[in-house]
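# Per-entry structural report
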Amino acid sequence: MLVLGIETSCDETACAVVQNGRRVLSNVIFSQVTIHQKTGGVVPEVAAREHAVKIIPVLEEALKKAKISLTDIDAIAVTKGPGLQTSLLTGVNCANTLALLLKIPLIPVNHIEGHIYANFLQTSARWWKLPKFPIVVLTASGGHNELILWKNHGVYQFLGSTLDDAAGEAFDKVARLLGLPYPGGPHIEKLAKKGNPNIFPLPLPYPKTFDFSFSGIKTAVLYLIRDLTKGNKRPLTTRERINIAASFQKVICEVLIAKFLKAAEKFGVHEIHLAGGVSANRYLQRRVQHALQKPNRFRFPPLPLCTDNAAMIATAGFYKLKKHPMKYKKWQPVISDPNLKIRNW
Ligand code: KG4
Ligand code: ZN
């Protein structure tokens, strides 16, 4: 079965073709990052306009790369939310129209569920097998941070989430304080490689539950910079910037890992997964790997599937359709929902 995935929830226009929920035939992403770097973040109206311009060329390229035509597609999966309303509309309108014309099933997908399904996409690793439930999955992105006990397809128990900023948001905000471009995560990671994380210890915000809180670290970095520069009287030195990046990365990863492993232990799961933009962080991946006794139970998506893409949406859609084939038989328009919550299905 060939599923076309469409994703436009924020600032990436993406289309992908996935076979049987696991084989990526194409995964085309047009990133608006260079456009939004000028403003230091996503301006919704600008993002919406770019989606409208790019959606058809991205769709055409995805079909071409997969070496198929529109009529070969068996179903369409589209991001319904959460995200920016004006961005979601382009993907949803495109998917609604295509599914109506092609008379094929149309499956709405929650963007965060898409992220966690990225680990169901086959990689080139020799040991690759389909993941085995139950799984503890930590998804950390720019807009969300969820710790989930994933019992089966569409069966979730929510363990914790962020009380304020998401981990990726903290990376982006601290990057801005350090004068780094948007999105900040990869830039902080690069800078931190040369740094000593112990020079400027930052406080660990550590709620007792499985929840997270990251706005305090951002404020601590702000005060640290103020102290070092004597109230912004001088710029930070390169060494100071490097060491702050290293401390920040260390502290944020320590909190994520501690809760993640505690949940895995408590629920005795088969596998533990990372997902979402922050899971692209190699320092985080390595630290989890070192902390585990059985590293092959640990998965994270390959780099292009960590951040926003449509292959993850297609695979989530595939499993929803497989479980409820009748539900999606008759065409029903997908209505975008910027505040969509994950529900069991
Ligand atoms: O999943 P994603 O592409 O979009 C959302 O759904 O939010 O995640 C984007 C977030 C950004 O905050 C970005 O700074 C962060 O993921 N990110 C990283 C890395 N690559 C992307 N954070 C830390 N280290 C990275 N290497
Ligand atoms: Zn995302």
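Below, the structure is looked at part by part. (Residues numbered from 1 in each chain as written. Chains lettered and ligands numbered in written order. Predicted model: local features only at pLDDT ≥ 70, side-chain atom pairs only at ≥ 80, totals over all residues. Heavy atoms only, no water.)

## Examining the layout of surface pockets
The following threshold applies: Only protein atoms enter the 1 Å grid used here. Points where a 1.4 Å probe fits but cannot escape make up a cavity, open sets with protein on both sides within 12 Å along at least five of seven lines make up a pocket, and a residue lines them when an atom lies within 4 Å of a point. Grid points are joined across faces, edges and corners, and a volume is the space filled by probe spheres set on the points. Elements are defined by DSSP. Helices are runs of H or I of four residues or more, strands are runs of E of two residues or more, and each kind is numbered from the N terminus. As a working rule, the residues Ala, Val, Leu, Ile, Met, Phe, Trp, Tyr, Cys and Pro are called nonpolar, Asp, Glu, Lys and Arg charged, and the rest polar, with Gly in that last group.
By volume, the second largest pocket amounts to about 420 Å³. By residue number, the principal contributor to the lining of the second largest pocket is strand E5 (residues 106-110), which donates 4 residues. Considering only residue class, the lining of the second largest pocket consists of 11 nonpolar, 3 polar and 7 charged.

## Remarks on the sheet that holds strand E1 (residues 2-7)
Sheets are built from strands that pair by backbone hydrogen bonding, the pairs being arranged parallel or antiparallel. Here is the rule: Only strands that DSSP links by at least two bridges are regarded as paired with each other. Lines fitted to the C-alpha atoms define the axes, with helices restricted to the stretch that makes contact. Angles between their N-to-C directions range from 0 to 180 degrees. We call two residues contacting when some pair of their heavy atoms lies within 4.5 Å.
Pairing in this open sheet of 5 strands is mixed, and the strands run E3-E2-E1-E4-E5 from one edge to the other. Either end of the sheet is taken by a strand with one partner, and the two such strands are strand E3 (23-31) and E5. Ignoring which end each strand starts from, the neighbouring axes of this sheet average 20° apart. In the sheet, E1 pairs with strand E4 (residues 75-81) via 4 bridges, with the strands oriented parallel. Each bridged residue has a counterpart across the sheet, and for leucine 4 the counterpart in E4 is isoleucine 76. Of the strands in this sheet, E1, strand E2 (12-19) and E3 touch helix H2 (residues 44-66), which is tilted by about 25° from E2. Its contacts with the sheet put helix H11 (residues 311-323) on E1, E2, E3, E4 and E5, and the angle it makes with E5 is roughly 115°.

## Some thoughts on the coordination of the zinc ion (ligand 2)
To be explicit about the condition: A 2.8 Å cut-off from the metal defines N, O and S donors, relaxed to 3.2 Å for Na, K and Ca; water is not in the atom list, so some sites may appear incomplete. Only protein chains enter the accessibility calculation, which uses a 1.4 Å probe; a residue is then buried when its area is under 20% of its type maximum, exposed when over 50%, and partly exposed in between.
Coordination of the zinc ion (ligand 2) by the protein is provided by His111 (NE2), His115 (NE2) and Asp308 (OD), with metal-donor distances spanning 2.0 to 2.1 Å. Written as a sequence motif, the donor arrangement for the zinc ion (ligand 2) is H-x3-H-x192-D. With histidine 111 and histidine 115 both in helix H4 (residues 111-117), this residue pair falls 4 residues apart, about one helical turn. With respect to burial, histidine 111 and histidine 115 carry one shared label: buried.

## Focus on the site of ligand 1
Short version of the rule: Residue proximity to a molecule or strand is established when one non-hydrogen atom of the residue lies within 4 Å of it. By the criterion applied in these results, polar contacts are pairs of N or O atoms within 3.5 Å in which, for protein atoms, one can donate a hydrogen and the other can accept it, and in which residues neighboring in sequence qualify only through two side-chain atoms. The Shrake-Rupley method, run with a 1.4 Å probe sphere, supplies the accessible areas, and residue values consider only the shown protein chains as cover.
Surveying the vicinity of ligand 1 reveals 20 residues, the closest of which are Ser141, Gly142, Asp172, Gly185 and Glu189. Contacts to ligand 1 include glycine 143, whose backbone N or O atom sits 3.3 Å from an oxygen atom. The backbone of glycine 277 places a nitrogen or oxygen atom 3.1 Å from an oxygen atom of ligand 1. Protein contacts shield 90% of the accessible area of ligand 1, which totals 550 Å² for the unbound molecule. The set of elements that each furnish at least two residues to the shell around ligand 1 consists of H4, helix H5 (167-177) and helix H6 (184-192). With 4 residues, the top contributor of residues to the shell around ligand 1 is H6. Counted by class, the shell around ligand 1 contains 5 nonpolar, 12 polar and 3 charged residues.

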